[in-house]
Amino acid sequence: KLSENGVMAERTMNTLLHVFEGYSGLYQAAKSPEVEKELRALLDIWSEKMFDPEKRRQEVFFDRSYHSLIDLQSYGHDIESAWLLDWGCDLLGDRELSEKIHRMTDVLAESVLERGFDGEAVCNEIETGVHPYAGKAPGTGAVRRGGRKGLGVHPASAGRSTGKQRMVLESGYPRETCKKADHR
């Protein structure tokens, strides 16, 4: 079981995201052609298998063939993926690929802002179209709380303007538990 949703998956977006993050750091340090090849392969998987342009999100849990196993949008992972994929892709120095990936990550970030952000915090996730706190009063314990709270910027993107905010908006609900974090 990989989540509170009870999903047993052979492949997960989160695992692939952190493999991508590790490869990106390695590529930034070493500029290895082998690592570049793997980063490009992972970006292909992302754009062809994980990102769903119709739903304007990435899928989360998959079988071996990358068929989605659950109707779930993880807002925190979508915004985290937006800046990590931009960062790793931009390291490759391929303008055409960066434009393609940035179009995808713009959609992810916009979707989080439109669907998951209430002006103060971001819902952790939404399953089958229902926010876990829909119809519940704040603080009732009826929500799935995120692990990290607050706003942060990925260290690799600090000082770099992409023309869009790349904030990590991961916080649990209720609002009174959300505090801005200093991530320098």
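As a reminder, the structure under discussion sits directly above these lines.
Worth saying up front: this structure is predicted, and the values here are computed from it rather than measured.

Novice: I keep staring at a nonpolar patch on the surface and nothing clicks. Help me out?
Specialist: Taken together, the side chains of Val 19, Tyr 23 and Leu 26 present a nonpolar region at the surface, about 230 Å² in accessible area. Take Leu 26: its relative accessible area is 43%, and that puts it in the partly exposed class.

Novice: When you look at the nonpolar core in this model, what are you seeing that I'm missing?
Specialist: Here is a general trend for soluble globular proteins: nonpolar side chains tend to be buried in one another's company. Within the largest apolar cluster, 31 residues are counted, with the highest numbers of intra-cluster contacts made by Met 13, Leu 43, Trp 46, Met 50, Phe 61, Leu 85 and Ile 101. For this core, the secondary structure elements donating two or more residues are helix H1 (13-30), helix H2 (33-50), strand E4 (61-62), helix H3 (75-91) and helix H4 (95-116).

Novice: I tried to follow the environment of His 102 on my own but got confused; where do I start?
Specialist: Following the sequence through the fold, His 102 ends up in helix H4. Among the residues examined, His 102 registers a relative accessible area of 16% and is labelled buried. Along the sequence, His 102 and Ala 82 sit 20 residues apart, while their C-alpha atoms lie 8.1 Å from each other. At a separation of 2.7 Å, a polar atom in the side chain of His 102 contacts the side chain of Asp 90.

Novice: In this structure, what is going on with the pattern of salt bridges? I would like to understand it.
Specialist: Oppositely charged side chains can pair when the atoms bearing their charge come close. For the structure on display, the rule yields 9 salt bridges. A salt bridge links Glu 99 to Arg 95, with the nearest nitrogen and oxygen atoms 3.2 Å apart. Highlighted residues: Glu 99 and Arg 95, both in helix H4, separated by 4 residues, approximately one helical turn. Arg 95 gets classed as exposed once you look at its relative accessible area, which sits at 66%.

The rules behind each value
- Residues numbered from 1 in each chain as written.
- Predicted model: local features only at pLDDT ≥ 70, side-chain atom pairs only at ≥ 80, totals over all residues.
- Heavy atoms only, no water.
- Patch = residues over 30% accessible without salt bridge, like charges linked within 9 Å, V, L, I, M, F, W, Y side chains within 5 Å.
- Areas by Shrake-Rupley, 256 points an atom, 1.4 Å probe, with all protein chains shown as cover.
- Salt bridge = Lys/Arg side-chain N within 4 Å of Asp/Glu carboxyl O.
- Buried < 20%, exposed > 50% of the residue type's maximum accessible area, 1.4 Å probe, protein only.
- Core = buried A, V, L, I, M, F, W, Y, C linked by side-chain atoms within 4.5 Å.
- Helix = DSSP H or I, 4+ residues; strand = E, 2+ residues; numbered from the N terminus.
- Polar contact = N/O pair within 3.5 Å; in protein donor to acceptor, adjacent residues only side chain to side chain.

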